[in-house]
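# Report on the structure
Here is what each chain is made of, one letter per residue.
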Amino acid sequence: MKRKRPRPFVIATFAMTVDGKVTTKNLSPVDFTSRDDKLHLFRQRALADAVLIGHTSLQRDNVRLGLPAEMQETRVKLGQSRCPLRVIVSNEGRIDRCLNIFQSDVSPVVIFSTKRMPQTFQRALAKRATLHLSNSKHVDLAGMLETLRKKYRVLRVACEGGPTLFRSLLEQSLVDQLNLTIAPYLFGGAKAPTLTGVSKDFLPASVHCTLSDMRMIGDECFLTYRIRHQRRSRK
């Protein structure tokens, strides 16, 4: 079945604890996975044309979204850019220009936001990134993916969170694959976000995950799911 709007193949990569938490209740940066998981994340990033992250996760973890030198060289030998395009999503656009992502020039930065972004932020960020600002209250994620496909020739997107962005993509049937690492920890806490955030509401559509690969390395389990979206039938 043809897609209604051309868009890239979207792969989300997450790590969570045994009790389903992706971070603590304080939403603070926490390093709870092994070196193998970090290499797994880099490999998924290296395979993509663009890496996607939400503003909250970017600000919390303050990542550059780059790649180790050897992975950069491999991409160059394959005729690709040194690192994938770095894409930030923010509805309000109050993104700190001093974040590490803006201090690294390994690849261009593109920001999808709205005209809710204050003028002072627009002027500051326009010097460091390409801005796509819509008139709506929230970023049109389907439109964003379409722009990445048509304007930037992106065929494969690596989404690295956070849970709110991942849930929003799922709600619009915009995720094709989920890479999930289960780490041997228990965080607990009702306010600690799960893979789809802290919302008590169910997703508006049924999401079926088909396991396509499973590996154990040490105490961690690496899972790969293909995502199939189904509308719930009315009773």
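Our subject is the structure that appears above.
All values derive from a computational prediction rather than experimental measurement. (Residues numbered from 1 in each chain as written. Predicted model: local features only at pLDDT ≥ 70, side-chain atom pairs only at ≥ 80, totals over all residues. Heavy atoms only, no water.)

## Let's talk about the overall build of the chain
Operational definition: Here a strand is any run of E in DSSP of at least two residues, a helix any run of H or I of at least four, and the numbering for each starts at the N terminus. Each radius of gyration is computed over the set of C-alpha atoms, and the globule rule expresses the reference value as 2.2 Å times the number of residues to the power 0.38. The contact rule is simple, with two residues in contact once any of their heavy atoms fall within 4.5 Å. Here the accessible surface of atoms and residues is derived via Shrake-Rupley with a 1.4 Å probe, and residues count as covered only by protein chains that are part of the display.
Each helix and strand counted, the chain has 6 helices and 9 strands in total. Radius of gyration (C-alpha) of the chain: 18 Å, near the 18 Å computed for a compact globule of 235 residues. Each principal axis of the C-alpha distribution contributes one length, and for the chain these read about 50 × 45 × 40 Å. The long-range fraction of contacts in the chain, counting pairs at least 24 apart against all pairs at least 6 apart in sequence, stands at 68%. Roughly 13100 Å² of accessible area belongs to the chain as shown, and the carbon and sulfur atoms make up 51% of that amount.

## Description of the state of the cysteines
Two cysteines whose sulfur atoms are joined by a covalent bond form what is called a disulfide. Going by this rule: The criterion for a disulfide is a pair of cysteine sulfur atoms lying within 2.5 Å. Exposed residues in this analysis have more than 50% of their type's maximum accessible area, buried residues have under 20%, and partly exposed residues fall in between, with area computed by a 1.4 Å probe over protein chains only.
Under the definition given, this model contains 0 disulfides. No disulfide involves Cys 83; its sulfur sits 18 Å from the nearest other cysteine sulfur, which is in Cys 159. Residue class for Cys 83 comes out buried when judged on its relative accessible area of 1%. Summary of cysteine pairing: Cys 209 is not part of a disulfide, and the nearest cysteine sulfur, belonging to Cys 221, is at 14 Å.

## Points about the pairing of strand E4 (residues 109-114)
What counts is decided by this rule: We treat two strands as partners when DSSP finds at least two bridges between them.
By the criterion of burial, E4 is predominantly enclosed, with 6 of the 6 residues buried. Residues Val 109, Ile 111 and Ser 113 point to one face of E4 and Val 110, Phe 112 and Thr 114 to the other, with burial holding for every one of them. Here strand E3 (residues 85-89) pairs with E4 via 4 bridges, running parallel. When the sheet's bridge partners are listed, Ile 88 is paired in E4 with Ile 111.

## Focus: the packing of aromatic side chains
In plain terms, the rule: The criterion for an aromatic pair is that two Phe, Tyr or Trp rings (for Trp, the six-membered ring) have centres within 6.5 Å, with stacked assigned to planes under 30 degrees apart, edge-to-face to planes over 60 apart and tilted to the rest. Only when the NZ atom of a Lys or the CZ atom of an Arg is both within 6 Å of the ring centre and within 35 degrees of the ring normal do we say a charge sits over the ring.
Tallied over the entire structure, the rule returns 2 aromatic pairs. Residues Phe 32 and Phe 187 carry aromatic rings whose centres are separated by 5.2 Å and whose planes lie at 75 degrees to one another, so their mutual orientation is edge-to-face. With a gap of 155 residues between them, Phe 32 in the loop between strand E1 (9-17) and helix H1 (35-46) and Phe 187 in the loop between strand E7 (177-183) and strand E8 (205-217) connect regions that are remote in the sequence. Owing to a relative accessible area of 26%, Phe 187 belongs among the partly exposed residues under this scheme. If you follow Lys 151 out to its NZ or CZ, it ends over the ring of Tyr 152, 5.9 Å from the centre. The ring of Phe 222 carries the charged tip of Arg 215 above its face, separated from the ring centre by 5.3 Å.

## Structural notes on the environment of Lys 77
Here Lys 77 is to be found in helix H3 (residues 69-77). With 136 residues separating them along the chain, Lys 77 and Asp 213 place their C-alpha atoms 28 Å apart.

## Some points on the nonpolar core
To be explicit about the condition: For this analysis, a nonpolar core means a set of buried residues of the types Ala, Val, Leu, Ile, Met, Phe, Trp, Tyr and Cys, connected via side-chain atoms within 4.5 Å.
Core analysis: the largest hydrophobic core is formed by 35 residues, its most contacted members being Leu 52, Met 144, Leu 148 and Leu 178. Element by element, the count of residues in this core is highest for helix H5 (residues 141-152), at 5 residues. Among all residues touching Leu 148, those that are not within four sequence positions of it are Pro 8, Leu 85, Val 87, Phe 112, Arg 153, Val 154 and Val 157.

## Some thoughts on unusual backbone geometry
Omega for the peptide link from Gly 161 to Gly 162 comes to 5 degrees, which places this bond in the cis form. You can see Gly 162 is positioned in the loop between strand E6 (156-159) and helix H6 (163-171). Positive phi, normally seen in glycine, also occurs at Leu 65, with a value near 65 degrees. Although it is not a glycine, Arg 153 sits at a positive phi angle of roughly 60 degrees. With respect to the helices, strands and loops of the structure, Arg 153 is situated in the loop between H5 and E6.

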